[in-house]
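# Close look at the chain arrangement
The chain contents come next:
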Amino acid sequence: MARVVKDPEVRRDELLDIAQRLVAEVGYEAMSVEAVTQAAQVAKGTFYHYFSSKEDMLGQLLDRLMDGLFASLEARRAAVDGDAIAKLRAILEASGEYKAMQLPNYLSSASLYRPENYALRHRLFERWERAVRSIIAPVVADGVAEGSFHVGSVEFATDVLISLWFDTSQRVLDRAVAEPDVAGFVTVLQRDTAALWAAQERLLGVPEGSFAVPMPPNAEVLFAPIYAELLEVMK
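Predicted model only: the values in this text are computed from it and were never measured. (Residues numbered from 1 in each chain as written. Predicted model: local features only at pLDDT ≥ 70, side-chain atom pairs only at ≥ 80, totals over all residues. Heavy atoms only, no water.)

The next point concerns the nonpolar core. Soluble globular proteins tend to pack their nonpolar side chains together in the buried interior. Counting 69 residues, the largest nonpolar core has Ile136, Phe149, Trp165, Phe185 and Leu204 as the members making the most contacts within it. In this view, isoleucine 136 contacts Leu88, Ile91, Leu161 and Trp165; residues no more than four positions away in its chain are not counted. (Core = buried A, V, L, I, M, F, W, Y, C linked by side-chain atoms within 4.5 Å. Buried < 20%, exposed > 50% of the residue type's maximum accessible area, 1.4 Å probe, protein only. Contact = heavy atoms within 4.5 Å.)

Per the stated rule, a full pass over the model turns up 7 aromatic pairs. Taking the centre distance of 5.0 Å and the plane angle of 50 degrees together, the rings of phenylalanine 47 and phenylalanine 51 count as tilted. No difference in accessibility class separates phenylalanine 47 from phenylalanine 51, as the two residues are buried. Here phenylalanine 125 and phenylalanine 166 contribute two aromatic rings whose centre-to-centre distance is 6.3 Å and whose plane-to-plane angle is 65 degrees, an arrangement assigned as edge-to-face. A residue pair is termed long-range when its members are at least 10 positions apart, and phenylalanine 125 in helix H7 (residues 118–146) and phenylalanine 166 in helix H8 (residues 154–177) qualify at 41 residues. For phenylalanine 166, a relative accessible area of 17% gives the class buried. Of the aromatic side chains, those joined through ring pairs into one cluster are Phe47, Tyr48, Tyr50 and Phe51. (Phe/Tyr/Trp six-rings, centres within 6.5 Å; stacked < 30°, edge-to-face > 60°. Helix = DSSP H or I, 4+ residues; strand = E, 2+ residues; numbered from the N terminus.)

Attention now goes to the side chain of serine 210. Structurally, the position occupied by serine 210 is in the loop between helix H9 (182–204) and helix H10 (219–234). Residue serine 210 is classed as buried on the basis of its relative accessible area of 8%. What serine 210 contacts, discounting residues up to four positions off in sequence, is Ile85, Arg89 and Glu201.

A few words now on H9. With 23 residues, H9 extends 33 Å from end C-alpha to end C-alpha; this agrees with the ideal 33 Å at 1.5 Å per step. For H9, every residue scored as buried is listed here: Val182, Gly184, Phe185, Val186, Val188, Leu189, Asp192, Leu196, Trp197, Gln200, Glu201 and Leu204. Two or three places before alanine 183, at the opening of H9, aspartate 181 has a side-chain oxygen 3.3 Å from that residue's backbone nitrogen. Backbone geometry just after H9 places glycine 205 at a positive phi near 70 degrees. (Expected span 1.5 Å × (residues − 1). Polar contact = N/O pair within 3.5 Å; in protein donor to acceptor, adjacent residues only side chain to side chain.)

Written out as structure tokens, the structure reads:
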């Protein structure tokens, strides 16, 4: 059989697509390099041409997922014809919608919380924080300039927002995973996320309820796989 030669980016995306499907089906830990190469009908050498390891593949898989998220946020921000409150609300809504749509693929992110993946998690989070800052900082600056946001420093307000979204959200997740079942997990997420939005409103000096993003009605069904995976890796 003749060897099939594909464009490098096409081949890489094909391998990532297969890995993403396998993660959703069997979980990251159960997925193997062999399973990916067999499904793609390529040699192991092809895999290692694109990825230095299984962990590197996970990093690239999550980077691709986050690139899609950030592109969605940027597009939603650009499409809003309104003040900074409307733009920031649209960004938050777009984030929730994208994550809900891609929820099965976010199972791969649970493996970031294993101790052996600390360095990878730190590297990815630093990159994601930079991407978030590039989207949020202009909105905060516009809000201050137009009088929608009332803060003493655009840079400081952006720092605190990012801290809320990354550091505080991690603490919320830790509390939620400690719950005995998925119902408790969703309850903690809903309660503490609402508190996070309220803190964000007070930080920016906007009316109460400006950034309320409701939990989807089928949240327990949606979050059950994530809860189970997080229990496994964070116990």
